[in-house]
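Working through the structure, step by step
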Amino acid sequence: MIGAIAKSTDWNQTDYMGEIPIPAAQQREILPLVLQYLCPPAVAFFGLGAVSAAVMSSADSSILSSSSMFSRNVYKPFRSLCGKPSELELIWIMRAAILVVGAIATVMAILVKSTYELWFLCSDLVYVILFPQLFSVIYFKGANIYGASVAFVLGWLLRFGGGEPLIGLPYFIRYPWFDYANDSQRFPFKTMVMLIGFITIPLVSYSIGYLFDKDILPQQYDIRRFSVPCEEDLQKSKSEDAALDTLDEKVDGTENPTFEKEHFNGIAAISGSKQQESTKL
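All values reported here derive from a predicted model rather than from experimental measurement.

Let us look at the packing of aromatic side chains. Inspection of every chain in the model, using the stated rule, returns 14 aromatic pairs. Note on F178 and Y180: the rings are 5.0 Å apart at their centroids and 75 degrees apart in plane angle, and the pair reads as edge-to-face. What makes F178 buried here is its relative accessible area of 9%. Directly above the ring of W92 sits R95, whose terminal nitrogen or CZ lies 4.7 Å from the centroid. For the cation-ring pair, R159 lies above F160, with the distance from its terminal atom to the ring centre recorded as 5.4 Å.

As structure tokens, this is what we get:
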């Protein structure tokens, strides 16, 4: 609707001092132009403010979520090999990640001239890199951090190895059917990279998981225990919770002081065992 209004407007009767008709390079700015020259100042003020607020809200949410995922899902498992990190340490790592992600986003905003092309690149990366990760986490029971990490790094390498004109990245891998005349890739390498991710995740996950489960590799270097609780820990936690619930029900139905004493002793024993296990970890 705004585009149709701008198309039918006689811009010579407005305060617009630019080229008329509006050139194609400036048509992406048609929304602020309509708000500025075809609306009262109050409407233009609140309209541009609403657009800016929406953009900033989306931007800071994306930066915060990316930084939080890095600190929790990337830094914490590897840092746990040398000892469990404190919450304060994770907060500072997240703050540093916010600065790094914000700087990268700023550089991309300066270099990329089209929002549509940037959206197309994001969809490309979701299809090539994230789709195998999401599918494997849901449907492959044995998928773990090793397979996901290897597939992630390999996917980035192979995807951008084919080049990306949008960000000015030259290719360093020539896939089959390379067009030397136009200096471009003709092979559907993006789909190939996606399929390689599907193969890599279960292959690496099962292989490295087997080496650790059979004690071929030392258990102390297995970072899976810091990211996903093992089955034994889950079963033990469920049994202890069930025992506490049973004791609570018995206490609610009796007034025997001796039983209440035994009940609280049982709770103290279970809590003590949990504390000892956490201390060992």
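What follows deals with the pattern of salt bridges. Evaluation of the coordinates by the stated rule reveals four salt bridges. Here E87 makes a salt bridge to R72, at a shortest N to O gap of 2.9 Å. Remark: R72 occurs in helix α3 (residues 41-79) and E87 occurs in helix α4 (residues 87-111); sequence separation between them is 15 residues. Overall, the relative accessible area of 45% leaves E87 in the partly exposed class.

On to helix α5 (residues 115-139). Here α5 spans 34 Å end to end across 25 residues, near enough to the 36 Å set by a 1.5 Å rise per residue. The largest bend in α5 comes to about 50 degrees, at L130, with the proline P132 one to four residues further on. Where α5 is concerned, the buried positions are L121, D124, L125, V128, I129, P132, Q133 and S136.

Parameters and conventions
Residues numbered from 1 in each chain as written. Predicted model: local features only at pLDDT ≥ 70, side-chain atom pairs only at ≥ 80, totals over all residues. Heavy atoms only, no water. Phe/Tyr/Trp six-rings, centres within 6.5 Å; stacked < 30°, edge-to-face > 60°. Buried < 20%, exposed > 50% of the residue type's maximum accessible area, 1.4 Å probe, protein only. Lys NZ or Arg CZ within 6 Å of the ring centre and 35° of its normal. Salt bridge = Lys/Arg side-chain N within 4 Å of Asp/Glu carboxyl O. Helix = DSSP H or I, 4+ residues; strand = E, 2+ residues; numbered from the N terminus. Expected span 1.5 Å × (residues − 1). Bend = angle between axes of the 7 residues up to and from the residue.

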